[in-house]
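# Structural overview for review
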Amino acid sequence: MADSAAVKAQLCKTNLMRLGGAAAKAILDACKGAGIEAERRDCLQRCSQCNVAAIAIVDGMPVGAATGEELAEQIASLTP
């Protein structure tokens, strides 16, 4: 059974596809390495931000960066 107190990240499927394989893998690996449960969603309701930046919602708070690699670094830094 999953820990209900675990940190969760919502990732936009469209954003991951736009960023490409290596960046998307870096983001997913960063989540896994930080112990963050990653959920891929069709839309994060952030308007069209997924078309111009790398975005995620981590524990209800939007996190964004110019590139997928920068987003992966920000997510990795969230490790308690």
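Residues numbered from 1 in each chain as written. Predicted model: local features only at pLDDT ≥ 70, side-chain atom pairs only at ≥ 80, totals over all residues. Heavy atoms only, no water.

### Focus: the sheet that holds strand 3 (residues 54-58)
Across the sheet, which stays open at both edges, the 4 strands sit in the order 2-1-3-4 with mixed pairing between neighbours. The outermost strands of the open sheet, each flanked by one partner alone, are strand 2 (37-41) and strand 4 (61-65). Strand-to-strand twist of the sheet, defined as the mean angle between neighbouring strand axes without regard to direction, takes the value 30°. Where helix 3 (residues 68-76) meets the sheet, its contacts fall on strand 3 and strand 4, and the angle it forms with strand 4 comes to roughly 135°. (Pairing = 2+ DSSP bridges. Helix = DSSP H or I, 4+ residues; strand = E, 2+ residues; numbered from the N terminus. Axes fitted to C-alpha atoms, helices over the stretch in contact; angles between N-to-C directions. Contact = heavy atoms within 4.5 Å.)

### Focus: the pattern of salt bridges
This structure, assessed with the given rule, holds 2 salt bridges. Put simply, K13 and D42 hold a salt bridge, and the shortest N to O gap is 3.4 Å. With a gap of 29 residues between them, K13 in helix 1 (residues 13-19) and D42 in the loop between strand 2 and strand 3 connect regions that are remote in the sequence. Using a relative accessible area of 38% as the deciding quantity, one classes K13 as partly exposed. Here D29 makes a salt bridge to K25, at a shortest N to O gap of 2.7 Å. Here K25 and D29 lie together in helix 2 (residues 21-33), a separation of 4 residues that amounts to about one turn. Under the relative-accessibility criterion, D29 is labelled partly exposed at 40%. (Salt bridge = Lys/Arg side-chain N within 4 Å of Asp/Glu carboxyl O. Buried < 20%, exposed > 50% of the residue type's maximum accessible area, 1.4 Å probe, protein only.)

### A word on the packing of helix 2 against helix 3
Put simply, helix 2 and helix 3 touch, their axes get as near as 8 Å, and they point 0° apart. Between helix 2 and helix 3, the crossing angle belongs to the class labelled roughly parallel. Contacts between helix 2 and helix 3 involve A23, A26, I27, A30 and C31 on the former and, on the latter, G68, E69, L71, A72, I75 and A76. The class makeup of the residues in the contact of helix 2 with helix 3 is 9 nonpolar, 1 polar and 1 charged. (Parallel < 35°, antiparallel > 145°, perpendicular 65-115°, else oblique. Nonpolar A, V, L, I, M, F, W, Y, C, P; charged D, E, K, R; others polar.)

### Some details on the nonpolar core
One finds I27, I36, A56, L71 and I75 to be the most contacted residues of the largest nonpolar core, which totals 17 residues. For this core, the secondary structure elements donating two or more residues are strand 1 (8-12), helix 2, strand 3, strand 4 and helix 3. With 4 residues, helix 2 is the largest single contributor of residues to this core. With sequence-adjacent residues up to four places away left out, I27 is seen in contact with L11, L16, L19, G68, L71, A72 and I75. (Core = buried A, V, L, I, M, F, W, Y, C linked by side-chain atoms within 4.5 Å.)

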